[in-house]
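# Remarks on the overall topology
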Amino acid sequence: MQQLNQVCFRTLHFDQPWTLENYRKVGGYKVLEQILGDKTRQEDIIEQIKNSALRGRGGAGFPTGLKWSFMPRKMPGAKYIVCNSDEGEPGTCKDRDIMRYNPHQLIEGMIIAGYTIGAEAGYNYIRGEFYEPIERFEQALVEAREAGYLGKNILGSGFNFELHTHPGAGAYICGEETALLESLEGKKGQPRYKPPFPAGYGLYGRPTTINNTETLASVPVILQHGADWFHELGTPNNGGQKIFCMTGHVNKPGNYEVPLGMPFAELLELAGGVREGHQLKAVIPGGSSTPVVPADVMMQTEMSYDGIGKAGSMLGAGSVIVMDDSTCMVKALERIAYFYYEESCGQCTPCREGTGWLYRVINRIENGQGQQEDLDRLIDVAENINGNTICALGDAAAAPVISFIKHFREEFQYHIDHGCCMVEQDEPQGLRQYG
Amino acid sequence: MVNIEIDGIPLKVDSSRMIIQAADEAGIDIPRFCYHKKLSIAANCRMCLVEVDKSRKALPACATPVTEGMKVFTHSKVAIQAQRGVMEFLLINHPLDCPICDQGGECELQDLSLGYGKGISRFSEGKRVVKDKNIGPLIQTEMTRCIHCTRCVRFGTEIAGIKELGATGRGEHMEIGTYVEHSLASELSGNIIDLCPVGALTSKPFRYKARAWEMQAHPSIAPHDAVGSSIELHVRGNEVMRVVPRDNESVNETWISDRDRFSYLGLKHTDRADKPMIKQDGVWQETDWQTALEHTVNGLKTVQAKNGQDQLLGLMSPTATLEEGYLFQKWLRGLGTQHIDHRLRLQSVDDAGEAYWQNALTMADIEDCDSVLLIGSNIRSEAPMVGHRIRQAALNGALINEINFLKRDLLMPVQRQWSVNSDTLLQMLKGIAVALMKLEPAANGEWQHYLSDIRPGSSEQNIAMQLANATAPILVVGALANQHPQAATIRALANLICTMSQGELLVLPEANSRALHLANVLPAKPNSESATGYWQQKKRALVLFDVEPEFDSADPATASAAMQQAGFVVAINRFWSDSIRDHADVILPLAAFAETSGTFIGLDGQWQSFTGAVAPRGDSRPGWKILRVLGNLSNVPDFDYVASTDIRDEIADSLTADKQTQNAHFIPVEPDTFAEKSADHLELISDVAMYRTDSLLRRSEALQLTPENQQALIARMHPDTAEKMDLADAERLQISQGECVLEVALLLDKDIAQGCLYLPGATQNSRELGAAFGLVTVSPVEALADA
């Protein structure tokens, strides 16, 4: 088996992996020094990132090199690089650990990104609940600044770059890139309508690139070892290693940085397999907003953007939620629907009104009040949300509903017909109302 | 230009257009709620989703730019499915209380639900309920009905310039409201009533008064400021039920001020004079028109015979129509007097013949300017729509400077605001003029003497540079400056600055005063005589046309005294007021705005004629008819008008016949003399409170209840000035001006010029005092011992 932890977790074997000293031991900041020393052409960096087949690690999987190439680098005036560390997707916990254990690699990645796109200021928008990661990142900023990697005229190169931390205030929607920009500007976190895209009109109306934490932290490694090396870690068009957050009914939940393209079965084994005496029932492979995949399909799936796509779902942020046969799919969906109902920003109609409707109907079914027409109605409402909203939160709320009912309709039907659950569960079911 | 196709119809459209704009221009209907042509695009209601060729999902027509070869389908299966879906979502939490909703019958949600909604709802869960907010006396909220389109929020940010409304809460819990409950302060707030597509924001005074389909719309012109906004009067039976804006891109776009919207409430105030009455032996008696009119003519002639013809004084409100003005002066001149005026609040008229009084500026000129110097103008209250256009200019990069006696938040990006006393204001204007002369040494030799000792400071040089560098600068001289005792000098200096910087000067007219100038409602010597002077002369016979002397004069104390001593007072007025009741001898009830026809000339110089929408209240009569009969009874020749249009034609003909522009030229010669100021005197600065400018506004109950209006009763002073006068802790103040004494609440306000006391005019308080910009002494009023 290939070696794990080659990219974002490459300092993990040290005692205190987050220090500058330890980061330097793996070659940290060497790439930055070289780029600034050689005045590497921005086009060349973008070309390398393109060749590495690095795809956005935040969920959408958009090719990073292509995104960087959209920036009007030569345009005068301020431009910004923004790191999205809001990490709000249920099931995701990877960016947190990158900032906890390897903050310098993120900083180096952001400085290189800033250099490449012509930005002199960067912001790391960090989920507000991440107290420890925020402190670690701030501490690393102090170290980097003292070492001369931040500030004016970095390493005598004439390049200025300053990096700021911005803690969010606990809204899932602020992980959506344009809502994040609004929040960063001090406004209510609500997505903007696109176009215009952030590359043309971003933070404070200036050209802005927004990348996920893991994406940016991958950059120094790619440039250190070469695009081909990185690409070959994964599969064609799915370059590199990727952190998968294994949660749910596994024996060893946690973050696993593995090559893209690894079979799910292998990944499951890494995480210790499902609990003793239970069978795998279903997997949500990319965070709560991606469609659920039944066990038999999942066991045949490769963990890559394209592989999971073929299985009818999405790799998303790599948050793998594993469910064994003790899971009531109605209850699971109710919990997910409640999340989107609570986290809808309220800006556009289908999501604001539809998420509440979906949750209430599923809640009724879960509590034995289901009606025969409810399942068709749920699908219909979800489809009316899907694709009709400003941002992807509407789609995220609709996808689980459609996929859960598609794959586990008989469980829902049983709930409606019998007013109770067909699954024998570990803990007693009570009437529970969220909110 | 790009070629697109909507529903199979090929169109050539500007490439800057969104699909919805292209469709609107082509008359293709796309349903919408959040989109509004004057507001930024929000794309949040999703009602305008349409199918676009090559797009896998439906796209919002309001936010999708047209591109070459684009094919749009507004009624395809995909589009209809998306639109119906959105409509269902909008309705699930809407209370559907149309039978008790004021918006019923003119509700965009109701209208569109007919086309896109279902007969029966599939939603069987509980509906959302939202607590109402109290946002003041003008706007009623019913927030459960809100569909969160954010038009009102965007209006505040983008048009009014004041972020009073916003969205709090997330998802289904999102609510529109003022973050902390308070009354809206914007002078344009009423526009959100029109913008709200549902019944969440409705007119509070109009609540439960009428249904949309019961009313008839009459086009008219708003008479309260010099903009002359296009409005629509909604009339049921013989009553004006409400006023809404009428689209007129060249004047008010699609907005109107709260003043224009809610003044109609005064029409049926209990003060309204609805019968001709005469006072006999000190007692008011009802009578018929014939008797009242004869009594009027005989009374005036008797006084004139006894005391001389020139003892007759006629004063007219600047809100009167062109026709009323023309007949008023024609009749009075026929009676042998030249003492006629409508410039009721001016104290300085030496420059009356200057051409700049007639400068016509279109609203587009204002919006397109690139530099503005506001001089003594509270523009947001004087002419809210002008303020709005200046704000748009500022947002487009125009540099705004203001020299005034007080600073008010202009709600726009401003270079600098100075709040200074009269001396400094004049010094600054002179400084700017001199700085410009240095740039242009040859100019204006005739001013050399007057400006010989002036050394411009850096502020003045900065303003001069900005004006000189601008391609289209505008100077606005507003009411505070125009009502100043040195106003002629201020205006002449402003004109000089304007000439040298090749800009436009806007001496902001009051209401319809442009028309009354044309109609010659002026003394024979308009640059030496004026209403203010006439009041001091205490004329024996008075004819008032919609004038309430205690409110409508520069010096209320003198005007009130003159009323008392007059031998015969005729009030052609709409309302009873204290001074009319006490001192008039005849009241001829006058038809109000909305009840009469006439012509309005705003600051753009355009003649806007309108007709009456309702019959005059009670026995009141349109002004032109009253004046015509008075002319007839007084045997003044050529008074045979059948309709108000005859009068207008006569005026128009006389203007083309002899262009009698009495171009005088005013240059101040002597150094300015100010009354000697001692340390314990303050300068009383005063403009007219926004909702007190004319008799009708003063009777609009809702406007009188606004916080803006309440604040007009409070005197304001700079904290440093208060400190110097040992008033820092005073809550109430006694103001003495000559023999006048007034007790008012005091507010310390660092935006007031030092050494000044600000008290808005035309209020119950200010009527107790003398002339604005006079000197006053103040002393603290001891707080009453607690009982």
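In this text the structure is predicted, and so the values were computed from the model without any measurement. (Residues numbered from 1 in each chain as written. Chains lettered and ligands numbered in written order. Predicted model: local features only at pLDDT ≥ 70, side-chain atom pairs only at ≥ 80, totals over all residues. Heavy atoms only, no water.)

## Side note on the confidence of the model for chain B
Per-residue confidence for chain B gives a mean pLDDT of 93, with 96% of residues at or over 70. Two numbers describe this predicted complex: its pTM, 0.93, and its ipTM, 0.93. (pLDDT = per-residue confidence, 0-100.)

## Some points on the interface of chain A and chain B
Each partner contributes to the interface: chain A provides 34 residues, whereas chain B provides 36 residues. Across the interface of chain A and chain B, roughly 2,900 Å² is buried in total on both sides, 48% from carbon and sulfur atoms. Residues B:R170 and A:E343 are paired through a salt bridge, measuring 3.2 Å at the closest nitrogen-oxygen approach. One can count 19 residue pairs in polar contact (both at pLDDT 80 or more) joining chain A with chain B. Tallying contributions element by element places helix α15 (residues 349–366) of chain A first for the side of chain A that touches chain B, with ten residues. Of the residues in the side of chain A that touches chain B, the class split is twelve nonpolar, 13 polar and nine charged. (Contact = heavy atoms within 4.5 Å. Buried area = accessible area lost by both parts, 1.4 Å probe. Salt bridge = Lys/Arg side-chain N within 4 Å of Asp/Glu carboxyl O. Polar contact = N/O pair within 3.5 Å; in protein donor to acceptor, adjacent residues only side chain to side chain. Helix = DSSP H or I, 4+ residues; strand = E, 2+ residues; numbered from the N terminus. Nonpolar A, V, L, I, M, F, W, Y, C, P; charged D, E, K, R; others polar.)

## Focus: the layout of surface pockets
Put simply, the second largest pocket is a space of about 1,300 Å³. Taken together, 32 residues make up the lining of the second largest pocket; nearest its centre are A:E182, A:K187, B:S40, B:R154 and B:E158. Elements with a contribution of two residues or more to the lining of the second largest pocket: α4 (151–160) and β7 (166–168) of chain B. The element that contributes the greatest number of residues to the lining of the second largest pocket is α4(B), accounting for four residues. Split by residue class, the lining of the second largest pocket holds 16 nonpolar, eight polar and eight charged. (1 Å grid on protein atoms, 1.4 Å probe; cavity = no way out; pocket = protein on both sides within 12 Å on 5 of 7 lines; lining within 4 Å. Points joined across faces, edges and corners; volume = space filled by probe spheres on them.)

## Section: empty space enclosed by the protein
Residues and elements named next belong to chain B. Within the structure shown, the criterion is met by twelve cavities of 30 Å³ or more. Along its surface, the largest cavity is lined by 24 residues, and H224, R345, E510, A511 and T693 are the ones closest to its centre. Here the residues of the lining of the largest cavity sort into nine nonpolar, six polar and nine charged.

## Re the packing of α15(A) against helix α17 (residues 393–418) of chain A
Residue and element names in this part refer to chain A. In the contact formed by α15 and α17, the axes pass within 12 Å of each other and the chain directions differ by 20°. Of the possible angle classes, the one that applies to α15 and α17 is roughly parallel. The way α15 lies across α17 gives a crossing that is left-handed. Where α15 approaches α17, its residues C351, T355, L358, I362, I365 and E366 are matched on the opposing element by L393, G394, A397, V401, F412, H415 and I416. (Axes fitted to C-alpha atoms, helices over the stretch in contact; angles between N-to-C directions. Parallel < 35°, antiparallel > 145°, perpendicular 65-115°, else oblique. Left-handed = near helix turned anticlockwise from the far one by under 90°.)

## Points about the sheet that holds strand β11 (residues 230–236) of chain B
Residue and element names in this part refer to chain B. Taken in spatial order, the three strands line up as β10-β11-β12 in an open sheet, and their pairing is antiparallel. On the outer flanks of this sheet lie β10 (216–221) and β12 (239–245), each paired with one strand and no other. The mean inter-strand angle of the sheet, taken between neighbouring strand axes irrespective of direction, is 30°. Examined bridge by bridge, β11 and β12 share six bridges and lie antiparallel to one another. Each bridged residue has a counterpart across the sheet, and for I231 the counterpart in β12 is P245. (Pairing = 2+ DSSP bridges.)

## So, the environment of B:N44
As for its placement among the helices and strands, B:N44 is situated in the loop between α1 (19–25) and β3 (49–52). A residue is classified by how much of its surface remains accessible, and B:N44, at 3% relative accessible area, is buried. Through-space distance from the C-alpha of B:N44 to that of B:D341 is 55 Å; in sequence the pair is 297 residues apart. When residues no more than four places from it in sequence are discounted, the contact partners of B:N44 are A:Q347, A:C348, A:T349, A:I390, B:C34, B:H148, B:C149 and B:T150. Reaching out from B:N44, the side chain makes a polar contact with the side chain of B:T150 at a distance of 3.1 Å. (Buried < 20%, exposed > 50% of the residue type's maximum accessible area, 1.4 Å probe, protein only.)

## Some remarks on a negative patch on the surface
All names here are of chain B. A cluster of acidic side chains, namely D720, E723, D726, D729 and E731, defines a negative patch on the protein surface. For E731, the position within the fold is in the loop between α24 (719–724) and β29 (732–737). The class of E731 is exposed, set by a relative accessible area of 64%. (Patch = residues over 30% accessible without salt bridge, like charges linked within 9 Å, V, L, I, M, F, W, Y side chains within 5 Å. Areas by Shrake-Rupley, 256 points an atom, 1.4 Å probe, with all protein chains shown as cover. Lys, Arg positive; Asp, Glu negative; His and termini not counted. Charge placed at Lys NZ, Arg CZ, Asp CG, Glu CD.)

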